[in-house]
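Observations on the model geometry
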Amino acid sequence: MKITIIGTGYVGLVTGACLAEVGNDVLCLDVDAKKIDLLKAGGIPIYEPGLDEMVRRNVADGRLAFTTDIEASVAFGDIQFIAVGTPPDEDGSADLKYVLAAARNIARHMSSFKLVVDKSTVPVGTADRVKAAIGEELAARGVKLDFCVASNPEFLKEGAAIEDFMKPDRIVIGTDDERAAALLRSLYAPFQRNHERIVAMDVRSAELTKYAANAMLATRISFMNELAILAEKIGADIEQVRQGIGSDPRIGYHFLYAGCGYGGSCFPKDVQALRRTAQEVGAPLRVLDAVEEANEAQKKVLIEKVVARFGEDLKGRRFALWGLAFKPNTDDMRDAPSRVILEALWQRGASVAAYDPAAAEETERIYGARADLLLSESPMQALDGADALLIVTEWKAFRSPNFAAMKSLLKAPIIFDGRNLYAPAAIAAQGFEYFSIGRRQ
Ligand SMILES: NC(=O)c1ccc[n+]([C@@H]2O[C@H](COP(=O)([O-])OP(=O)(O)OC[C@H]3O[C@@H](n4cnc5c(N)ncnc54)[C@H](O)[C@@H]3O)[C@@H](O)[C@H]2O)c1
């Protein structure tokens, strides 16, 4: 099939590469000329395991190409995937200006049938708005052309995006149109050879399914984070509690880790957008108000521990920070807890030596060069002369470090662990003062 992907970000690039991988011809469009130039030159704008090779292979085989030419991209694909960003508007609702601009562009240039697929995370009712926008543009052109709009939300996880796309838990397809359903079924056939993964439903249910999934996961995290604060106060250990409840198959082990808050490009904005939708129609999701409030508070928990240990004034102190990305295996720092922590340390006069295996460049892009930020080349380099270590992202490389070397590099052996990577008793035995989340210190 010939596919156009509109928006070549995390979702667009992974979708494009994976659809090309199974034999489709894919053209990825973006308005960001720098990004497209980089891709055309063989570079990859994001860090995502396995993506690099997959993109190169499919470009070399002539199945994957990149463009900024809207007219050419509309002409190319019978299926046009919209995978542009849907950032929060000022009131928290999803800003649909990129989605609607993409839809209008299709309508301005199309000359034959197009199936337009919303892959971006969009509020309920967006497919109708996309349909209306395309209809308006076609009417303005005075032409009558056949098209349909379907919803196909994306569930990939950054850091495991290729695996998730190639072997999805489910492929949600929302449409009432038989042609759209048949085209999408045949497009996704290579991804469900093992068993049926398509969950077909009406458009509005598909749109809501994506928000419901992210809101449920965010709820689990905030629940565990609040429980962790309680555990600390009453002398229980959240890690033991986690295992105790996770063993119940109705609960399960996934997404039950207490930590220093969730971040990333999806949970924060999707929780906000769903709350907003619910308020607008007079069916408020009170649970989600608490989820968001708890998460904002949780991002500050590590700093509160630092302040309790060192005092409010951190002038002249230097802290090592391990992990900047919002989670391991990505360089994404959108709404990352590390940003709240960095800014709180700077605000109190401290400087930071930070290490992240993938997100140093992104940190530089966000904060620029500043005297109170040193981006270290290795975890150990960041520790050199620091007053304490803060662990913010659970990269695998941090799980079993050389504690003796760490002790000799740090000014004092103090660790604030926002991801509960170590066993408190074992680390105390190594001579560290250890502060973690929801466990006895
Ligand atoms: N990142 C994730 O893990 C993830 C997972 C599932 C769903 N989603 C959803 O997918 C959507 C895209 O997310 P992302 O993380 O890939 O965003 P992103 O910011 O990485 O990429 C979006 C891209 O769209 C481009 N763009 C904007 N307007 C355009 C237009 N009119 N024409 C062509 N290109 C345009 C931007 O330049 C950018 O490169 C969002 O709705 C997001 O919520 C993201």
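Owing to the predicted nature of the structure, the values given are computational and were not obtained by experimental measurement. (Residues numbered from 1 in each chain as written. Predicted model: local features only at pLDDT ≥ 70, side-chain atom pairs only at ≥ 80, totals over all residues. Heavy atoms only, no water.)

**A word on the packing of helix 1 (residues 10-21) against helix 3 (residues 51-60)**
Where helix 1 contacts helix 3, the axes come no closer than 9 Å and their chain directions differ by 55°. As the angle between them shows, helix 1 and helix 3 are arranged oblique. The way helix 1 lies across helix 3 gives a crossing that is left-handed. Between helix 1 and helix 3, the contacting residues are Leu13, Val14, Ala17, Cys18, Ala20 and Glu21 on the first element and Leu51, Met54, Val55, Arg57 and Asn58 on the second. Among the residues forming the contact of helix 1 with helix 3, the class breakdown is 8 nonpolar, 1 polar and 2 charged. (Axes fitted to C-alpha atoms, helices over the stretch in contact; angles between N-to-C directions. Helix = DSSP H or I, 4+ residues; strand = E, 2+ residues; numbered from the N terminus. Parallel < 35°, antiparallel > 145°, perpendicular 65-115°, else oblique. Left-handed = near helix turned anticlockwise from the far one by under 90°. Contact = heavy atoms within 4.5 Å. Nonpolar A, V, L, I, M, F, W, Y, C, P; charged D, E, K, R; others polar.)

**Observations regarding the site of the ligand**
The full set close to the ligand counts 24 residues, and Asp30, Lys35, Thr86, Glu158 and Lys269 are the nearest of them. Side-chain polar atom of Thr86 to an oxygen atom of the ligand: 2.5 Å apart, as the coordinates give it. Within the side chain of Ser265, one N or O atom sits 3.3 Å away from a nitrogen atom of the ligand. Relative to its unbound accessible area of 840 Å², the ligand is 89% covered by the protein chains. When its residues are assigned to classes, the shell around the ligand shows 9 nonpolar, 7 polar and 8 charged. (Near = heavy atom within 4 Å. Polar contact = N/O pair within 3.5 Å; in protein donor to acceptor, adjacent residues only side chain to side chain. Areas by Shrake-Rupley, 256 points an atom, 1.4 Å probe, with all protein chains shown as cover.)

**Section: the sheet that holds strand 11 (residues 373-375)**
Read across the open sheet, the 6 strands follow the order 11-10-9-12-13-14; overall the sheet is parallel. The open sheet is flanked by strand 11 and strand 14 (433-435), the only strands paired with a single partner. For this sheet the average axis-to-axis angle between neighbouring strands, irrespective of direction, equals 20°. Note: strand 9 (residues 318-322) against strand 10 (residues 351-355), 5 bridges, orientation parallel. The partner of Leu321 across the bridge, within strand 10, is Ala354. (Pairing = 2+ DSSP bridges.)

**Some thoughts on the pairing of strand 2 (residues 25-29)**
Taken across its 5 residues, strand 2 has 4 buried, putting it largely inside the fold. In the sheet, strand 1 (residues 2-6) pairs with strand 2 via 5 bridges, with the strands oriented parallel. Residue pairing across strands places Ile5 opposite Cys28, the latter belonging to strand 2. You can see the chain leave strand 1, run along helix 1 and come back into strand 2, and the turn it takes is right-handed. With 4 bridges connecting them, strand 2 and strand 3 (residues 64-67) associate as parallel partners. Bridge pairing in strand 3 links Cys28 to Phe66. (Buried < 20%, exposed > 50% of the residue type's maximum accessible area, 1.4 Å probe, protein only. Right-handed = clockwise from strand over helix to strand, strands pointing away.)

**Focus on helix 6 (residues 126-141)**
With 16 residues, helix 6 extends 23 Å between its outermost C-alpha atoms, agreeing within 8% with the 22 Å of an ideal straight helix rising 1.5 Å per residue. Buried within helix 6 we find Thr126, Ala127, Val130, Ala133, Ile134, Glu137 and Leu138. Looking straight down helix 6, one finds that the buried residues subtend no more than 130° of arc, so they occupy a single side. The exposed set on the far side of helix 6, more than 90 degrees from its buried face, consists of Ala139 and Ala140. Contacts made by the buried residues of helix 6 are with helix 5 (97-109), strand 5 (114-118), strand 6 (147-151) and helix 9 (203-234). (Expected span 1.5 Å × (residues − 1). Arc of directions from axis to C-beta.)

Purely geometric stuff here, so don't read any function into it on its own.
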